[in-house]
Amino acid sequence: MNFASENKQIGQRRLSKLRVSSSKHSRLWNTMFSMRSSPCFNTFMPLPLQMLFNSASTGTGDHLESVSFNQRGDGIRCLEWLDSIKPNSVVYISFGDLAVMTPQQQCEFAWGTCNRNQPFLWIITTDFAKGQLATLPLEFLKKTKERGLIATWSPQEQVLAHPSVGVFVSHFGTSSMLESIWAGVPMIGWPYFGHDHQETCRYSCNRWGIGMKINEDMEGEEVESLVRELMEGDVGKAMKRKAREWKKLAVEANSKGESSAKNLI
């Protein structure tokens, strides 16, 4: 049996135990022991769930099989577009399913991104724009059509793991933050509501050294400055090193015989 096949079987065995644990009202948390210095990640059974799911994957197409036809099309388009961009250069932007921006905030963020001349992949849902389709400036769309892609959905784990992605701009949701860690990608975040987002932001920026925060008023100049610093500056280089360190810890935690692996084997 080769190494990849053995890993897949181990992952599938853990998923089976996870289903049994769930039926017995066990408590699981999508994290790992290395992150337990934070009270919001201090739990009974830390386990990097995304790595568990990925290790049980049966092929590269698994992530797109359970989504709608339109989402699958967007997912394929995102990945093919990333394949055409040079490594470590793309700003991946996704504020989740619940985030909303006013037209003014959208405009500020769009120009802050545009002015960096950085390739970007921006996921925009209907809810993101106060229940309407996003109204981005026409001039912005014209200026960025050769280096930007806007879609309504993406296979986020695959996007973050793509070598072209250099930074993840998000809302500091717990799942997005952890997916970013598993991929070794630093974050710029806009924690728009809720204690959980603020807490994740605080730990990502101040404790773990993998994130920068966008202020609530969302000014274009600030967005431009943060993207520049993370993609080109010394602070950004340090954060990328730190993100790779956290990724290594996540991989180690999920390895055979280590802390997360022991919880389900």
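K.L.:
Would you mind going over the pattern of salt bridges in detail, with residue names and values included?
P.N.:
For the coordinates displayed, the defined rule picks out six salt bridges. Note that Glu 139 is salt-bridged to Lys 143, the shortest N-O span being 3.8 Å. Taken together, the residues Glu 139 and Lys 143, both in helix α6 (residues 138-144) and four residues apart, mark about one turn of the helix. Taking the relative accessible area as the measure of exposure, Glu 139 reaches 48% and is therefore partly exposed.

K.L.:
Summarise helix α8 (residues 174-183); cite the residues concerned and give the values.
P.N.:
Burial of α8 is extensive: eight of the 10 residues sit out of reach of the surface. Turning to α8, its buried residues number three or more, namely Ser 176, Met 177, Leu 178, Glu 179, Ser 180, Ile 181, Trp 182 and Ala 183. Count one or two residues on from α8 and you reach Gly 184, which has phi positive near 75°.

K.L.:
Describe the packing of α8 against helix α11 (residues 234-253), naming the residues involved and giving the relevant values.
P.N.:
Across the interface, α8 lies against α11 with an axial gap of 6 Å and an inter-helix angle of 90°. As summarised for this structure, α8 and α11 are arranged roughly perpendicular, according to the angle between their axes. Along its contact with α8, which presents Ile 181, Trp 182 and Ala 183, the element α11 presents Ala 243, Trp 246, Lys 247 and Ala 250. For the contact of α8 with α11, the class distribution of residues is six nonpolar, no polar and one charged.

K.L.:
Please set out the environment of Val 100 residue by residue, giving values where relevant.
P.N.:
Within the secondary structure, Val 100 sits in the loop between β3 (90-94) and α5 (103-114). Each C-alpha atom of the pair Val 100 and Ile 124 lies 10.0 Å from the other, and the pair is 24 residues apart in sequence.

K.L.:
Give me the packing of aromatic side chains: which residues, what numbers.
P.N.:
This structure, assessed with the given rule, holds nine aromatic pairs. Between Phe 95 and Phe 109 the ring centres are 5.4 Å apart and the planes differ by 75°, which places this aromatic pair in the edge-to-face class. Of this pair, Phe 95 sits in the loop between β3 and α5 while Phe 109 sits in helix α5; the two residues are 14 residues apart in sequence, bridging distant segments of the chain. The residues Phe 95 and Phe 109 share a single accessibility class, namely buried. Ring geometry for Trp 111 against Phe 140: centres 6.0 Å apart, planes inclined by 80°, an arrangement best described as edge-to-face.

K.L.:
Tell me what's going on with the sheet that holds strand β4 (residues 120-123), and back it up with residues and numbers.
P.N.:
Strand order in the open sheet formed by six strands is β5-β4-β3-β6-β7-β8, with parallel pairing between adjacent strands. Pairing within the sheet leaves two strands with one partner each, and these edge strands are β5 (148-151) and β8 (211-213). Taken pair by pair, the neighbouring strands of this sheet meet at an average axis angle of 15°, ignoring direction. Sheet topology note: the β4/β5 ladder contains four bridges and is parallel. Each bridged residue has a counterpart across the sheet, and for Ile 123 the counterpart in β5 is Ala 151. Strands in contact with helix α10 (residues 220-232) are β3, β6 (165-170), β7 (187-189) and β8; relative to β8, the strand with the most contacts, it is inclined by about 165°.

K.L.:
Please set out the confidence of the model for the chain residue by residue, giving values where relevant.
P.N.:
With 66% of its residues at a pLDDT of 70 or more, the chain has an overall mean of 77. In this model, residues 39-48 is a region of pLDDT below 50 whose contacts with residues beyond four sequence positions or in other chains number 44 contacts. Taken together, the stretch residues 56-62 has pLDDT below 50 and engages in 10 contacts with residues farther than four places along the chain or on a different chain.

K.L.:
Kindly report on the nonpolar core, identifying the contributing residues and their values.
P.N.:
Inside soluble globular proteins, nonpolar side chains tend to come together where they are buried. Core analysis: the biggest nonpolar cluster contains 30 residues, and Trp 81, Leu 82, Tyr 92, Leu 121 and Val 159 have the highest contact counts within it. For this core, the element with the most residues is α8, which contributes five residues. Core analysis: the second largest hydrophobic core is formed by 27 residues, Val 91, Cys 114, Ile 188 and Val 227 among them.

K.L.:
Go over the side chain of Ser 170 with me, naming the residues and quoting the values.
P.N.:
If you trace the backbone, Ser 170 turns up in strand β6. For Ser 170, a relative accessible area of 0% puts it in the buried group. In this structure the side chain of Ser 170 is engaged in a polar contact, spanning 3.2 Å, whose partner is the backbone oxygen of Ser 94. A polar atom in the side chain of Ser 170 sits 3.0 Å from the side chain of His 171. Setting aside residues no more than four positions away along its own chain, Ser 170 makes contact with Ser 94, Phe 95, Ser 176, Met 187, Ile 188, Gly 189 and Trp 190.

Cut-off values and rules
- Residues numbered from 1 in each chain as written.
- Predicted model: local features only at pLDDT ≥ 70, side-chain atom pairs only at ≥ 80, totals over all residues.
- Heavy atoms only, no water.
- Salt bridge = Lys/Arg side-chain N within 4 Å of Asp/Glu carboxyl O.
- Helix = DSSP H or I, 4+ residues; strand = E, 2+ residues; numbered from the N terminus.
- Buried < 20%, exposed > 50% of the residue type's maximum accessible area, 1.4 Å probe, protein only.
- Axes fitted to C-alpha atoms, helices over the stretch in contact; angles between N-to-C directions.
- Parallel < 35°, antiparallel > 145°, perpendicular 65-115°, else oblique.
- Contact = heavy atoms within 4.5 Å.
- Nonpolar A, V, L, I, M, F, W, Y, C, P; charged D, E, K, R; others polar.
- Phe/Tyr/Trp six-rings, centres within 6.5 Å; stacked < 30°, edge-to-face > 60°.
- Pairing = 2+ DSSP bridges.
- pLDDT = per-residue confidence, 0-100.
- Core = buried A, V, L, I, M, F, W, Y, C linked by side-chain atoms within 4.5 Å.
- Polar contact = N/O pair within 3.5 Å; in protein donor to acceptor, adjacent residues only side chain to side chain.

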